[in-house]
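Observations on chain architecture
One letter stands for each residue in the lines below.
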Amino acid sequence: MRTFSKSKLMALRQCQKRLWLEVHRRDLREDSSSTEAIFQTGHQVGELAQRIYDPENLGALIDVQTEGFARAFERSAELLHAAQPIFEAGFSAGGALAFADVMLPEQQDGQRVWRMVEVKSSTSVKDYHRDDVAVQAFVAQSAGVALQSISLAHIDSSWTYPGDGDYCGLLKENDLTAEAFSRTEEVKSWIAQAQLVSASPVEPAIEIGAHCDTPFACGFYDYCSRDEPKAEYPVYWLPYIGAKAATLAEQGVIDLRNVPDDFLNARQQRVKTHTLANTVFFDAVGAAADLAAHSLPAHFLDFETIQFAVPIWKGTRPYQQNTFQFSLHTLSSSGQLDHTEFLDISGNDPSEPFARALITACSQSGPVYVYNAGFETARMSELAIRYPPLSQDLRAINARVVDLLSIARERYYHPSQQGSWSIKKVLPAVAPELRYDALDGVRDGGMAMEAFLEAIHPDTSAERKKQIEQQLLAYCKLDTYAMVRLWQVFAGRTELKV
Ligand code: SF4
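None of the values given here were measured: they were computed from a predicted structure.

Regarding the overall build of the protein
Secondary structure assignment for the protein yields 19 helices and 14 strands. With respect to the principal axes defined by its C-alpha atoms, the protein has extents near 85 × 55 × 40 Å. Within the protein, the proportion of its 498 residues that are buried is 33%. Here the analysis covers contacts within the protein between residues at least 6 apart in sequence; of these, 68% occur between residues at least 24 apart.

The following block contains the structure:
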């Protein structure tokens, strides 16, 4: 009989085939960079939880990587005889094994009992967390641990970091004891099912579907989808197709050519028509009319931001979008184009200098074009709340914002966009000579975040920091120059190259 780790049982909960592949063909798994980033964040939050739950550093840490499973279980059992916090205590019983993030000793009727806390980097309790906690409770109780309670601690996104390393309020606990303790039979049934699935010599015949992304993107997707028919014009190019894509897939419709017209709204129909006909849609009159209300001089603005699960700057919240860079092009009524920019890679909180530089750069008048207004306006509103003396000026800039994305969505579509109006898709269609892929180092928002993190890391050399600075500046500058070019085409100031 096999003993299943908690992660294998969670794999079973997602898909029987996933468990089978985890057991027999682990080599086929390819985790996406976003899945790995989630693991890394989880690890970081887990380490911080040790400081939060053990401020006097009296606890013991089990490290299964260095100690090995047998010794980890043995030492965990030994430590239960003493009264100190235990981190990553391992238990193996009842056909499963699991490691508890936090075990805290308590007294009840003169007896030592344990309070278990599972720590997650999410900002709420998810359904799969409930399964996770049920397995933890089952394994610990089966191993004879006097478990008094089990909680799930997740990040409290409303908490503000007060600075000086004080992370006491970062985690919010949810007591799941009653629910977890009541699911013993359910967990036993998962273990029995896992035995059956893994003992099979052939992989379960399960097709790909919505479950492949829920609750996590499955690392076996490329393998499982290898023989799936590939659409020349995939249905997912239809904007906002959402759950309707699954309905179409159930009917065997994966290609735009087979989607009935009466299934589509006007914009989806436009994408279908112009994609299949390989023609450009451009409502030049409508676009020019949209822009006519906004005179020159005009500003073209873009932000770059960074998020931390564990805030590093006083006054910021977990997962808050912290602005560290902007680029601003200004087009005068005489046609002169000027550029200003801001970038702070000092490692200090860039928010206030960013806000002050932004207010200066945007001056007092003229429309402020952005691409996807919700993002920039939300950041300026947050800065206005955080810095009351700057509030009026920031709100005044917000009032001047004009969204180029909404005009692009309504007035323009090139088949090469493949259903997306991201500026990275629209720019090559409108101005093919401007290319993000020609940039050095930083070519998208994700890369900008990684570059920023590298730049502020204390181990990064001054030379490398300088290189990153140049790459970030060039990337953000292209974003706003792309908007200028888009504006020129939409306003009828430049010929559209098709
Ligand atoms: S990709 Fe989908 S079908 Fe394949 S193992 Fe993963 S969840 Fe199951």
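Having seen the structure, we can now continue with the description.
Examining the environment of Gln195
For Gln195, the location among the structural elements is in helix H8 (residues 184–199). Along the backbone, Gln195 and Gly95 are 100 residues apart, and their C-alpha atoms lie at a distance of 9.1 Å. If near-sequence neighbours (up to four positions away) are discounted, Gln195 is found in contact with Met1 and Arg2.

A few points about the nonpolar core
One finds Tyr369, Leu404, Leu472, Met483, Leu486 and Trp487 to be the most contacted residues of the largest nonpolar core, which totals 61 residues. Here the element with the most residues in this core is helix H19 (residues 462–490); it accounts for 12 residues. Looking at which domains feed residues into this core, each of domain 2 (228–264) and domain 3 (285–490) supplies at least three. Contact partners of Leu486, with chain neighbours within four places excluded, come to Leu404, Ala408, Val426 and Val430.

Let's talk about the sheet that holds strand E12 (residues 368–370)
The strand order across the open sheet formed by five strands is E11-E10-E9-E12-E13, and the pairing between neighbours is mixed. Because the sheet does not close on itself, it has two edges, and the strands there are strand E11 (337–343) and strand E13 (401–403). With strand direction ignored, the average angle separating the axes of adjacent strands in the sheet is 25 degrees. Across the sheet, helix H18 (residues 445–456) is in contact with strand E9 (298–306) and strand E10 (322–331); its angle to E9 comes to roughly 60 degrees.

The rules behind the values
Residues numbered from 1 in each chain as written. Predicted model: local features only at pLDDT ≥ 70, side-chain atom pairs only at ≥ 80, totals over all residues. Helix = DSSP H or I, 4+ residues; strand = E, 2+ residues; numbered from the N terminus. Buried ≥ 20, exposed ≤ 12 C-beta atoms within 10 Å, placed from the backbone. Contact = placed C-beta atoms within 7 Å. Core = buried A, V, L, I, M, F, W, Y, C linked by C-beta atoms within 7 Å. Domains from an automatic or database assignment. Pairing = 2+ DSSP bridges. Axes fitted to C-alpha atoms, helices over the stretch in contact; angles between N-to-C directions.

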